[in-house]
Amino acid sequence: MQTALGWFGAISRGCSIVAGWALLAISFATCIEIVGRKYFGFSFRALDEIGGYLLAALSAFGFAYTLSKHSHMRVTLLFPYVPASVHAFLNVLATVSLAAMAAFCAWRGGFELLDVLVSGKRSNTPLSVPLWMPQSLWLAGMVLFAVGTILMAIHSLALLMRDRPLLNRTYGPQSLEEEISTEISHLATAEAAEGRRA
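Residues numbered from 1 in each chain as written. Predicted model: local features only at pLDDT ≥ 70, side-chain atom pairs only at ≥ 80, totals over all residues. Heavy atoms only, no water.

Closest axis-to-axis distance for the helix H4 (residues 132-162)/helix H5 (residues 164-171) pair is 7 Å, and the angle between their directions is 150°. In terms of their interaxial angle, H4 and H5 are classed as roughly antiparallel. Packed against H4, whose contacting residues are Met-152, His-155, Ser-156, Leu-159, Leu-160 and Arg-162, the element H5 presents Arg-164, Leu-166, Leu-167 and Tyr-171 at the interface. In terms of residue class, the contact of H4 with H5 is made up of six nonpolar, two polar and two charged. (Axes fitted to C-alpha atoms, helices over the stretch in contact; angles between N-to-C directions. Helix = DSSP H or I, 4+ residues; strand = E, 2+ residues; numbered from the N terminus. Parallel < 35°, antiparallel > 145°, perpendicular 65-115°, else oblique. Contact = heavy atoms within 4.5 Å. Nonpolar A, V, L, I, M, F, W, Y, C, P; charged D, E, K, R; others polar.)

It is worth spelling out a negative patch on the surface at this point. There is a patch of like negative charges on the surface, built from Glu-177, Glu-178, Glu-179 and Glu-183. Position of Glu-183 relative to the elements: it lies in helix H6 (residues 176-197). (Patch = residues over 30% accessible without salt bridge, like charges linked within 9 Å, V, L, I, M, F, W, Y side chains within 5 Å. Areas by Shrake-Rupley, 256 points an atom, 1.4 Å probe, with all protein chains shown as cover. Salt bridge = Lys/Arg side-chain N within 4 Å of Asp/Glu carboxyl O. Lys, Arg positive; Asp, Glu negative; His and termini not counted. Charge placed at Lys NZ, Arg CZ, Asp CG, Glu CD.)

Membership of the largest hydrophobic core comes to 20 residues, with the highest contact counts inside it found for Phe-8, Phe-145, Met-152, Leu-167 and Tyr-171. Within the residue set of this core, elements represented by two or more residues are helix H1 (2-40), helix H2 (47-68), helix H3 (84-119), H4 and H5. At eight residues, H4 tops the list of elements feeding residues into this core. Sequence-distant contacts of Phe-8, defined by excluding residues within four places in its chain, comprise Ala-64, Leu-67, Ser-68, Leu-144, Gly-148, Leu-151 and Met-152. (Core = buried A, V, L, I, M, F, W, Y, C linked by side-chain atoms within 4.5 Å. Buried < 20%, exposed > 50% of the residue type's maximum accessible area, 1.4 Å probe, protein only.)

Spelled out as structure tokens, the structure:
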């Protein structure tokens, strides 16, 4: 299971790097568009449409990367008020419910993509983009997210049976002290990297 989760983390990281470069590219193109419209009277046309497609696709891949870093927000209102023995069950409930939601979104997205492929729908815009293109990118991100959540749900269920303290450390929300410690270590790493460059 650790190998599969490691692969998921590596793939998510690679996709997030590509997503970052795509965001830089669309930002650069937007700056050129602004200058072009103001001073030279030209426009790329439909840059906002491309940006919308990128937003949808990159958000889906962002879900997967955020999951690989255990950085999704959790509402932990009950945690301080329930016994420690219940924490493991709440953590498993969180991973399983997230996996169910992600799998449902990927499943419905697959049907939507099939419908677009069969009907040959295009966007009602000047670009007239075949809708299967942006929807395929979005679905790929959602499938990656769903695979990651399912792997983590299986792993959390296995840990529930054999190692609940590890389950709580791996899938439980961080305490305030742990969050502060994490932020301090990130800051120290960034300062060390800056010192090596100087």
